[in-house]
Amino acid sequence: MLRWLGKGSFRKGGVDHCGNEEMEMMGFNEVVKSNKRLIIRPRIKVWMARAITTVILWTCVVQLMALGELWGPRLLKGMPNCFSHIDHHQPQALAIAKAYVPPKVVLPPKRIYKNNGYLMVSCNGGLNQMRAAICDMVAIARHLNATLIVPELDKTSFWADPSEFQDIFDVDNFIASLRDEVRILKQLPHNLKKRVELGLSYTLAPISWSDISYYENQILPLLLKHKVVHLNRTDARLANNGLPPEIQKLRCRVNFNALRFTSQIEELGRRIVRILRENGPFLVLHLRYEMDMLAFSGCTRGCDSREVEELTRMRYAYPWWKEKVINSELKRHEGLCPLTPEETALILTALGIDQSVQIYIAAGEIYGGDRRMANLLAAFPNLVRKETLLGSSDLMYFQNHSSQMAALDYLVSLESDIFIPTYDGNMAKVVEGHRRFLGFKKTILPDRRLLVRLIDQYNNGSLSWDEFSFVVKKSHVNRMGSPKRRVLIPDRPKEEDYFYSNPQECLQLLDEPLRST
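To keep things clear, this report deals only with the structure shown in the data block. Predicted, not measured: the structure shown is a model, and the values here were computed from it.

### Considerations on the side chain of Ser501
Turning to step 1, where the next piece is worked out: Topologically, Ser501 is positioned in the segment after helix H21 (465-475).
Turning to step 2, where the next piece is worked out: Taking relative accessible area as the criterion, Ser501 reaches 7% and is therefore assigned buried.

### Focus: the environment of Glu342
Turning to step 1, where the next piece is worked out: Relative to the helices and strands, Glu342 is located in helix H15 (residues 341-350).
Turning to step 2, where the next piece is worked out: By relative accessible area, which is 23% here, Glu342 ends up partly exposed.
Turning to step 3, where the next piece is worked out: Considered as a pair, Glu342 and Leu377 are 35 residues apart in the sequence and their alpha carbons are 9.7 Å apart.
Turning to step 4, where the next piece is worked out: Look past the residues within four positions of Glu342 in its chain and what remains in contact with it is Arg372 and Asn375.

### Considerations on the sheet that holds strand E9 (residues 358-361)
Turning to step 1, where the next piece is worked out: Reading across the sheet, the 4 strands line up as E10-E9-E8-E11 and stay open at both edges, with parallel pairing between neighbours. Each having just a single partner strand, strand E10 (383-384) and strand E11 (418-421) make up the two edges of the open sheet.
Turning to step 2, where the next piece is worked out: Of the strands in this sheet, strand E8 (282-286), E9 and E10 touch helix H11 (residues 263-277), which is tilted by about 160° from E9.

### Quick word on helix H10 (residues 245-258)
Turning to step 1, where the next piece is worked out: Between its first and last C-alpha, H10 extends 18 Å over 14 residues, near the 20 Å set by a 1.5 Å rise per residue.
Turning to step 2, where the next piece is worked out: Buried residues of H10: Ile247, Gln248, Leu250, Arg251, Cys252, Val254, Asn255, Phe256 and Ala258, and no others.
Turning to step 3, where the next piece is worked out: Buried positions along H10 lie against helix H5 (127-143), helix H7 (171-177), helix H9 (212-226), helix H18 (402-415) and helix H19 (426-437).

### A few points about the pairing of E11
Turning to step 1, where the next piece is worked out: The alternating pattern of E11 places Ile418 and Ile420 on one face and Phe419 and Pro421 on the opposite face, and all of these are buried.
Turning to step 2, where the next piece is worked out: Summarising the sheet, E8 and E11 pair through 4 bridges and their orientation is parallel. In the strand pairing of E11, Leu285 is matched with Ile420.

### Details of the pattern of salt bridges
Turning to step 1, where the next piece is worked out: Within the structure shown, the criterion is met by 33 salt bridges.
Turning to step 2, where the next piece is worked out: Of the charged contacts, one joins Arg306 and Glu310 as a salt bridge, the two residues approaching to 4.0 Å between their closest N and O atoms. Of this pair, Arg306 and Glu310 are both found in helix H13 (residues 305-317), 4 residues apart, which corresponds to roughly one turn of the helix.
Turning to step 3, where the next piece is worked out: With relative accessibility at 24%, the residue Glu310 sits in the partly exposed group.
Turning to step 4, where the next piece is worked out: The network of salt bridges with shared partners includes Arg301, Glu329, Arg332, Glu343 and Asp456.

### Focus: empty space enclosed by the protein
Turning to step 1, where the next piece is worked out: Applying the stated criterion to the full structure yields 3 cavities of 30 Å³ or more.
Turning to step 2, where the next piece is worked out: For the lining of the largest cavity, the class distribution of residues is 5 nonpolar, 3 polar and 3 charged.

### Quick look at the sheet that holds strand E3 (residues 118-121)
Turning to step 1, where the next piece is worked out: Sheet architecture is open: 5 strands sit in the order E5-E4-E3-E7-E6, paired in parallel fashion. Strand pairing shows two members of the sheet lacking a second neighbour, strand E5 (184-185) and strand E6 (202-204), which therefore form its edges.
Turning to step 2, where the next piece is worked out: Two elements, strand E4 (residues 147-149) and E5, share 2 bridges in a ladder whose sense is parallel. Bridge assignment links Ile149 to a residue of E5, and that residue is Leu185.
Turning to step 3, where the next piece is worked out: Of the strands in this sheet, E3, E4 and strand E7 (228-231) touch H5, which is tilted by about 165° from E3.

### With respect to the state of the cysteines
Turning to step 1, where the next piece is worked out: The tally for this structure, following the rule as stated, stands at 2 disulfides.
Turning to step 2, where the next piece is worked out: The disulfide partner of Cys252 is Cys506, and the gap between their sulfur atoms is 2.0 Å. Across the disulfide from Cys252 to Cys506, rotation about the S-S bond amounts to roughly 80°, and the bridge is consequently right-handed. A residue pair is termed long-range when its members are at least 10 positions apart, and Cys252 in helix H10 and Cys506 in the segment after H21 qualify at 254 residues.
Turning to step 3, where the next piece is worked out: Taking relative accessible area as the criterion, Cys252 reaches 5% and is therefore assigned buried.
Turning to step 4, where the next piece is worked out: Note on Cys506: relative accessible area 18%, which makes it buried.
Turning to step 5, where the next piece is worked out: Should the bonded cysteines of the protein be numbered as they appear in the sequence, the pairing reads 1-4, 2-3.
Turning to step 6, where the next piece is worked out: With no disulfide of its own, Cys135 lies 8.3 Å from the sulfur of Cys252, the closest cysteine sulfur.
Turning to step 7, where the next piece is worked out: Of all cysteine sulfurs in the structure, the one in Cys299 sits closest to Cys303, which takes part in no disulfide; the separation is 9.5 Å.
Turning to step 8, where the next piece is worked out: A relative accessible area of 14% places Cys303 in the buried class.

Parameters at a glance
- Residues numbered from 1 in each chain as written.
- Predicted model: local features only at pLDDT ≥ 70, side-chain atom pairs only at ≥ 80, totals over all residues.
- Heavy atoms only, no water.
- Helix = DSSP H or I, 4+ residues; strand = E, 2+ residues; numbered from the N terminus.
- Buried < 20%, exposed > 50% of the residue type's maximum accessible area, 1.4 Å probe, protein only.
- Contact = heavy atoms within 4.5 Å.
- Pairing = 2+ DSSP bridges.
- Axes fitted to C-alpha atoms, helices over the stretch in contact; angles between N-to-C directions.
- Expected span 1.5 Å × (residues − 1).
- Salt bridge = Lys/Arg side-chain N within 4 Å of Asp/Glu carboxyl O.
- 1 Å grid on protein atoms, 1.4 Å probe; cavity = no way out; pocket = protein on both sides within 12 Å on 5 of 7 lines; lining within 4 Å.
- Points joined across faces, edges and corners; volume = space filled by probe spheres on them.
- Nonpolar A, V, L, I, M, F, W, Y, C, P; charged D, E, K, R; others polar.
- Disulfide = S-S within 2.5 Å.

The following block contains the structure:
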C-alpha cells in the first residue's frame, strides 16, 4: 500500500496485490515525481493526490487483467472470480484442470478470391430435400466465385415448420468448415440489404437438373450485373451426372461434414440410439404413410371412402401439386405408391426379419392410425417411436417443428443395423447415400413394382407362403446398399439414380467390382 505522509512525499508499505511490486512502484514513482509540482504543500490539495493515486492504481489493475492468460493465473490467482487456483503438485487436480481444456479447433485456411456477387437461396420442401439443395447451392456458389448467404428454409410448405437454418444445423460449423472453399455470411452486408429492399436484386428459379454450364452462362452474368441474385427454388437444380469431380466431392463434403445438426438435436439423437442399443439390435423402418404423402401421390390402397375424399380435397388444396386426377391402382402396379403398413408386415416377414427385433418407426403420424398399424404390430410387437422412447418433456421444444423431428429420425436411421424405406422419397435416398458413405451399411431397398404383384399373387392363392418368401428374398439379394454404379438415363434425370442416394465419387469402394444395375 502507499501511505501519504504530507509535504509532497510518499512511503511504500505492504505488498502490491498485483505482484511484481518493485517494478510497478518504480513506474509509479516516476509518475508521482512528474506530478510533484501539482501536489504541493497546501493541505487543501491533499485530495487531489489521493485521486491521482487511485486512478493510477486502477489503471495498473486493468492493464494486468487485459493480459489475460499470460499474467492472470500468476498475478491474480487469489481472486476467485477471475481464476481458479490449482495446485499443480497434486496430480488429481492437474488431471481435472486438463479435463476442462476445450479441444482446439483447427480451421482450414480461408480461400481468397475475387467475389463475383452474393447468392441468396430459399430452399423448398422437407428437411432432406432442403439438405440436398443446400449442398448443391454451396457447390454452385464455389464454382461461380460468389459469396453465399446462409440459406433460408421453407416455412410455407405442408409442414409449416418455422425453423430457421440455425435451429436445425450448426451454422457456425457450416460457415467455418467450408471457408477454404466458399465465403458464407449469415446475412447480406447492410448496403446490399438496401439494394434488395429497393428491388435492385434479381430473383429466379433455376432450371431443374441443370449442368454447371447453365450456371456459368446464365447465373454468373446476372451476379455480375445485379451483385445480388436470389434463387427462390432449389430442389433438384443441379444434375446428377456429367459434373466435374471437384463439384461432386464438394457436394459430399457439405452433406457429410458441414451440415451438422445442432448440439441439442445431436445429443437427443444419440440418447435415442443409446436406449435402443441397450435392448439389442434395431431396424429403422421409414414408413412413409403419412397424410401428405398419400394426398400428393394419390395412393389410397386400404383407405375407406371418407379417407379417399379427404385426401383428394387436400391434393386440390395445394396448387403446386400439379397432378390432380390420379388412378391409385394403376399407380400402385407401376410401383409408384408407398407400401402400406399391411404390405410392409408381409414383406418384412417374407425377408426373414426376426419378429422380436426392435423396429423404430421413422415417420410422422401414420394415416389411419391404429387401424392401419394393427397387422404390422401383430407381426412385430416391438415397434417403437421417439415418442415412446422419450418423455414428453424431452420432445417439448421439437413439437410442431417437423424438420427438427425429422432430423432426429435421420440420426437414428444412420445408426441402425438395418434401414428399410417403404418409399423412395428424399429421406430414403439421402439416408441411403449417407449409409453408403459410412461403410455400405445394410439398407434394404424394396422393389415395390415387383412386390405388389407378388403380394397380390399370394393374397389370391397363386403363390404359397414358401414360394412368396423365396422370391422376395431372392429378388432383394442385390438391393441391400452394396457398392454399385449409378444408373444414367440421358435426358431423363428424374428416372435415373439420384446423386445423393449413391455418391460414388466420394465413396471408399470395396474390393468387389461395381455393378451397373
